[in-house]
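If you want the building blocks of each chain, they are given just below.
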Amino acid sequence: MSRLPIRPSKRDLPTSSSSSSENGQDFAPAQKKIRKDPEPVKPHAAATIIGGRRNPVAATRAPISRPVRGVGAATVAVGPSRGVLKQSIASTAAKGGNVKQTAAPTCPKTGGVGGPKRQAWDLKGKFSDMEGKVRNYQTKVKATNQENEALKETMVQSQSRVVEMEKTLARQKSQISEYEAELQALSGVRDELEMVSSDKSTLEKELSNLESKHKVMETVRDSQEIELQTLKKTLARLQVTVRDQEEEVCSLKDTVVQQKDELHAGEMDRRRLHNDIQELKGNIRVFCRVRPLVEGGLSKHIQLAASDNKTITLAKTEESHTGKTADTQKNYNFNFDRVFGPQSLQQEVFEEISLLVQSALDGYNVCCFAYGQTGSGKTYTMEGDECDESRGVIPRAVKQIFRAAEKLGAKGWEFTFTASFVEIYNETLQDLLYSGKARKGLEIRKSTNNEVTITNLTYERVCNEDQVLGLIMLANRNRSTAQTAQNDRSSRSHSVFQLDIEGVNVGRDVKCKSTLCLVDLAGSERMLKSQSQGERFKEMTAINGSLSNLGIVITALANKESHVPYRNSKLTYLLQGCLGGNSKTLMFVNIAPEPDSFGETLNSLRFASKVNDCVIGTANANRK
Ligand SMILES: Nc1ncnc2c1ncn2[C@@H]1O[C@H](COP(=O)(O)OP(=O)(O)OP(=O)(O)O)[C@@H](O)[C@H]1O
């Protein structure tokens, strides 16, 4: 922006006082300044300079020295004061002189400025000099006026320029404020750009990370593609192999079906043959078992035939009453399906009946009971001791049943087992699987399809051997609780364990149903020996009644009588299904070897012999 010419301040101008006549020395420097001014001196201005010599008028008057710029005029030295000037102009005008016409300075021949000093009398010359001076002053005034006009013009121009400049300034200010606003906006944009730039750097980093990951993924993809190709080839090979194997499987399935048919036929043959063997052995069999003597050794009056293990001889020496004849020995021989001596192990005994247990799984009712006097070893035979080797028929039979069922499972058979344990004491039924107070309402019922059940009895679904053994233990606990209440009750009650077996071969649509019945009978003492009275007499009556009824039923079955009196006792009524023609029955007759048990032993053997002579009809498997 160009700067305007600035008017000189008052300080810069010489004051009238400083340029007064008292200080006439100041004039010279002013004139020097004029000479130094580079600006050209206008002709009219130049005309104002008087010679270079000091004007005597000017010397007496304070010269006005004023620097003027822009008009091209140099400092003008004004000679006389205005009042004087006016007077001289006026006088000149009065004389008819013309300032303009006298503008050109004429140098008087004498007495003029710088000329020789006029004589006092030379008034004309002096007047002429004065006129010349007036002309000079007029010229100067004119020039000054012109200068003043020029200055005014310049000032007007300057003012208009100032106005313009102010407008320009205002415009520029508004522009500046616009620029500032723009700058502010741009600064915001710059901030945004900086943010974007920082985001950009983050994004660039992420991009580079993604690019590196992408490269890794590409590498993985390449390797997986190779792997995929390999797998496809393997798959194609495997598909071929699978097709081959499927064909093989199909042919094997046919073979399996064929073999299953054969197996099933074989199983049916086995059952039939097994049953034939059992029938040949008789559907009711009697085993005799002699308990060892308490003090050990062999009993003198019991002899066992070592040849066939089927004969037992009971020898009784009869003393001569007269003493004249020798004592006579009377032998009572009994034959049974098998006789076990005192040394026989539990395992040996069970082996003989295990085939019957198998029959139970084949759909035949099986009943095994132990008969004998108290203490002869019935419970030992049926239940045994806790020790593994001493386990009796019941736990061994249960074990065999579940194992055999598992094997038959491979042939398509599925079995369900239901266990119950009942005690018959004084012709009343007790649920041995129920631990609460004695249950009432236990009654034997026979359904329309001749199935015998007991109302209110616990029938427990069992799946394995352990569950059954647990139930047997529970039954023993319940039995011993009752025994505490009634001394030696177990000897005077029958306990009946029943395992109902139901089998189904879904593939063959074959079903079978049977009951394995294992009975520990009450002691078969005779009333005379026990000399029972009161409650004990009642017990003995009940026991003997049920046992004799058992004999009667067996005899009736053997004689094929039209009526078999099952209902005469709870025991025979309950065992009806197991004793009838459709069952396989095994009776253990347990013998106490002590001499004082001779009579009871003889009775037991006679009873067992009667049973052994029975031929019960052919058992039919309960198959559909
Ligand atoms: N074959 C045997 N070998 C060893 N000990 C036996 C044998 N038979 C019985 N015993 C033992 O004889 C005792 C009486 O046997 P057990 O209790 O089995 O007779 P029981 O006929 O069941 O008597 P009860 O009719 O009173 O129940 C028991 O201690 C038993 O261990």
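Residues numbered from 1 in each chain as written. Predicted model: local features only at pLDDT ≥ 70, side-chain atom pairs only at ≥ 80, totals over all residues.

Under an unreviewed UniProt entry, the chain has the name Kinesin-like protein and belongs to Cyclopterus lumpus. The Sequence similarities (unreviewed entry) field of the UniProt record for the chain holds the comment "Belongs to the TRAFAC class myosin-kinesin ATPase superfamily. Kinesin family. KIN-14 subfamily." UniProt, in the comment section headed Subcellular location (unreviewed entry), describes the chain in these words: "Cytoplasm, Cytoskeleton". (UniProt positions renumbered as here; feature names shortened; annotations may be inferred.)

Caption draft 1: Fine view of the UniProt feature "binding site: ATP" (unreviewed entry) in the chain. UniProt records the feature "binding site: ATP" (unreviewed entry) at Gly372, Gln373, Thr374, Gly375, Ser376, Gly377, Lys378 and Thr379, using the numbering of this structure. If we skip the residues at most four places from it in the chain, Thr374 touches Ser491, Gly523 and Glu525. By secondary structure assignment, the location of Gly377 is in the loop between strand 6 (365–372) and helix 7 (378–382). Apart from residues lying up to four places away in sequence, Gly377 is in contact with Arg289, Arg291 and Asn590. (Contact = placed C-beta atoms within 7 Å. Helix = DSSP H or I, 4+ residues; strand = E, 2+ residues; numbered from the N terminus.)

Caption draft 2: Fine view of the pairing of strand 1 (residues 284–290). Counting buried positions over the seven residues of strand 1 gives seven, a clear majority of the element. Both faces of strand 1 are covered, namely the face carrying Ile284, Val286, Cys288 and Val290 and the face carrying Arg285, Phe287 and Arg289. Of the pairings in the sheet, the one linking strand 1 to strand 14 (residues 583–591) comprises seven bridges and is parallel in character. If you follow Phe287 over to strand 14, its bridge partner there is Phe588. Bridge count for strand 1 against strand 5 (residues 338–340) is three bridges, and the pairing is parallel. Pairing of Cys288 across the sheet is with Val339, part of strand 5. (Buried ≥ 20, exposed ≤ 12 C-beta atoms within 10 Å, placed from the backbone. Pairing = 2+ DSSP bridges.)

Caption draft 3: The arrangement of helix 6 (residues 346–361) in detail. With 16 residues, helix 6 should reach 22 Å at 1.5 Å per residue; the first-to-last C-alpha distance of 22 Å fits that figure. At Glu352, helix 6 shows its largest bend, some 40°. Where helix 6 ends, the next residue or the one after it, Gly363, has phi of about 105°, a positive value. (Expected span 1.5 Å × (residues − 1). Bend = angle between axes of the 7 residues up to and from the residue.)

Caption draft 4: Focus on the site of the ligand. Around the ligand there are 14 residues in total, and Gly377, Lys378, Thr379, Tyr380 and Ser491 lie nearest to it. Among the elements that line the shell around the ligand, the one with the most residues is helix 7, at three residues. For the shell around the ligand, the per-class residue count stands at two nonpolar, ten polar and two charged. (Near = placed C-beta within 6 Å. Nonpolar A, V, L, I, M, F, W, Y, C, P; charged D, E, K, R; others polar.)

Caption draft 5: The arrangement of the nonpolar core in detail. Cys288, Leu516, Leu518 and Ala608 are the most contacted members of the largest nonpolar core, which totals 80 residues. Ranked by residues supplied to this core, first place goes to helix 11 (residues 534–558) with eight residues. Apart from residues no more than four positions distant in its own chain, Leu518 is found in contact with Cys368, Met382, Val393, Ile394, Ala397 and Phe497. (Core = buried A, V, L, I, M, F, W, Y, C linked by C-beta atoms within 7 Å.)

Caption draft 6: Inspection of the sheet that holds strand 4 (residues 328–335) at higher detail. What the three strands build is an open sheet, ordered 2-3-4; its pairing is antiparallel. Both edges of this open sheet fall to strand 2 (302–304) and strand 4, since each of them pairs with a single strand only. Strand after strand, the sheet turns through a mean of 25° between neighbouring axes, direction not considered. As paired strands, strand 2 and strand 3 (residues 311–318) are joined by three bridges and run antiparallel to one another. What sits directly across from Gln303, in strand 3, is Thr313. The sheet strands contacting helix 14 (residues 598–613) are strand 3 and strand 4, and the helix crosses strand 3 at an angle near 140°. (Axes fitted to C-alpha atoms, helices over the stretch in contact; angles between N-to-C directions.)

Caption draft 7: Summary view of the pairing of strand 12 (residues 493–505). Sheet topology note: the strand 7 (residues 413–425)/strand 12 ladder contains 13 bridges and is antiparallel. In the strand pairing of strand 12, Trp413 is matched with Asn505. Where strand 12 folds back onto strand 13 (residues 510–520) in an antiparallel hairpin, the turn is made up of four residues, including Asp509, whose phi is positive at roughly 55°.

Caption draft 8: Region of the structure containing helix 14. The terminal C-alpha atoms of helix 14 lie 22 Å apart, and with 16 residues this matches the ideal 22 Å at 1.5 Å per residue to within 8%. All of the buried residues in helix 14 are Glu600, Thr601, Ser604, Leu605, Phe607, Ala608, Val611 and Asn612. The buried residues of helix 14 all sit within an arc of 160° when viewed along its axis, so they share a single face. (Arc of directions from axis to C-beta.)

Caption draft 9: Representation of the confidence of the model for the chain within the structure. Mean pLDDT over the chain works out to 77, with 73% of the residues at or above the 70 mark. Segment residues 1–86 is flagged for pLDDT under 50; beyond a separation of four residues in sequence, or across chains, it makes 90 contacts in the model. pLDDT under 50 marks residues 88–112. Its contacts with residues more than four places away, or in other chains, come to 41 contacts. Across the whole predicted complex the pTM is 0.58, and at the interface the ipTM reaches 0.98. (pLDDT = per-residue confidence, 0-100.)

Caption draft 10: Representation of the packing of helix 6 against helix 8 (residues 393–409) within the structure. Contact geometry for helix 6 and helix 8: axes closest at 9 Å, N-to-C directions at 45°. Judged by the angle between their axes, helix 6 and helix 8 are oblique. Classified by chirality, the crossing of helix 8 by helix 6 is right-handed. In this structure, helix 6 uses Phe350, Ile353, Ser354, Val357, Gln358, Ala360 and Leu361 to contact helix 8, whose residues at the interface are Val393, Arg396, Ala397, Gln400, Ile401, Ala404, Ala405 and Leu408. When its residues are assigned to classes, the contact of helix 6 with helix 8 shows eleven nonpolar, three polar and one charged. (Parallel < 35°, antiparallel > 145°, perpendicular 65-115°, else oblique. Left-handed = near helix turned anticlockwise from the far one by under 90°.)

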